[in-house]
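Listed here are the chains, written in short residue letters.
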Amino acid sequence: MLLGAIMVFTASGTYSLSKFNNFYFLFRSHLWKVVAALILLLIFAYVPYDLYRKYSKKLLFIIIGFLIATLFFAPKVKGAARWIDFGFFQFQPSEAAKVILIMHLAFLIEKQGDTIREFKNGFMFTLIWIGIVSGLVLIQPNVSTSLIIVMTSFAILYVGGARLRHIFAIVLPAAGVLGSVIMLFKTFARKSFNIYK
């Protein structure tokens, strides 16, 4: 948070001065978000983790609903639809999806125990959730967040006892598909730019 605040301060001062006639305008706006985040951090730190385990699946369904809604209702900014505007605040479902998916994967690993080492009876069920969430984020399009979700999820599965050969059997083909998707996005972006130009 401190590093982020420093980066915002150093990067936004000149723009704030020219746009809003106030060197600290964007930095002050960012500081309010930092304060809100710290308050929420303290609140959630005291929430018993059993509640996360109990409601992780329901929360995952809800956030998947938000991700789907983002595709239809979120305004497009530079070709990407990532934020839902509720009027009094904006919400980026992909950021919440990262945390909720981690919570549910932890629950599944605990529930399955040693069966997480078996592809059909354990490992495969986690892939369904990873695929749905990362896929919905990818088509926004938000390639970087989708990649973070996939990498974090597989890291958790490895720590939770999943076999490396199962992880690599999914990661390597997925990397090829992701590379193809990135190239398609780049090609589409270039064509769109040329049309508008």
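As the structure is a computational prediction, the values presented were derived from the model and not from experiment. (Residues numbered from 1 in each chain as written. Predicted model: local features only at pLDDT ≥ 70, side-chain atom pairs only at ≥ 80, totals over all residues. Heavy atoms only, no water.)

Q: Sorry, what's going on with the overall build of the protein chain here?
A: Counting its secondary structure elements, the protein chain contains seven helices and two strands. Secondary structure of the protein chain in N-to-C order comes out as α-α-α-β-β-α-α-α-α. Taken over the C-alpha atoms alone, the protein chain extends approximately 60 × 50 × 30 Å along its principal axes. The buried share of the protein chain, taken over its 197 residues, is 28%. Here the protein chain displays about 13,300 Å² of accessible surface, and carbon together with sulfur accounts for 72% of that area. In the protein chain, the 20 positive side-chain charges and the 6 negative ones have mean positions that sit 15 Å from each other. (Helix = DSSP H or I, 4+ residues; strand = E, 2+ residues; numbered from the N terminus. Buried < 20%, exposed > 50% of the residue type's maximum accessible area, 1.4 Å probe, protein only. Areas by Shrake-Rupley, 256 points an atom, 1.4 Å probe, with all protein chains shown as cover. Lys, Arg positive; Asp, Glu negative; His and termini not counted. Charge placed at Lys NZ, Arg CZ, Asp CG, Glu CD.)

Q: Is there a simple way to explain the packing of helix α3 (residues 49-73) against helix α5 (residues 119-138) in this structure?
A: When two helices pack together, their arrangement is given by the angle between their axes and by how far apart the axes lie. Put simply, α3 and α5 touch, their axes get as near as 9 Å, and they point 25° apart. The orientation of α3 relative to α5 falls into the category roughly parallel. In the packing of α3 onto α5, the handedness of the crossing is left-handed. For the pair α3 and α5, contact is made by Lys-57, Leu-60, Phe-61, Ile-64, Leu-67, Ile-68 and Leu-71 and by Trp-129, Ile-132, Val-133, Leu-136 and Val-137, respectively. In the contact of α3 with α5, the residues fall into 11 nonpolar, no polar and one charged. (Axes fitted to C-alpha atoms, helices over the stretch in contact; angles between N-to-C directions. Parallel < 35°, antiparallel > 145°, perpendicular 65-115°, else oblique. Left-handed = near helix turned anticlockwise from the far one by under 90°. Contact = heavy atoms within 4.5 Å. Nonpolar A, V, L, I, M, F, W, Y, C, P; charged D, E, K, R; others polar.)

Honestly, it's all geometry; don't read function into it.
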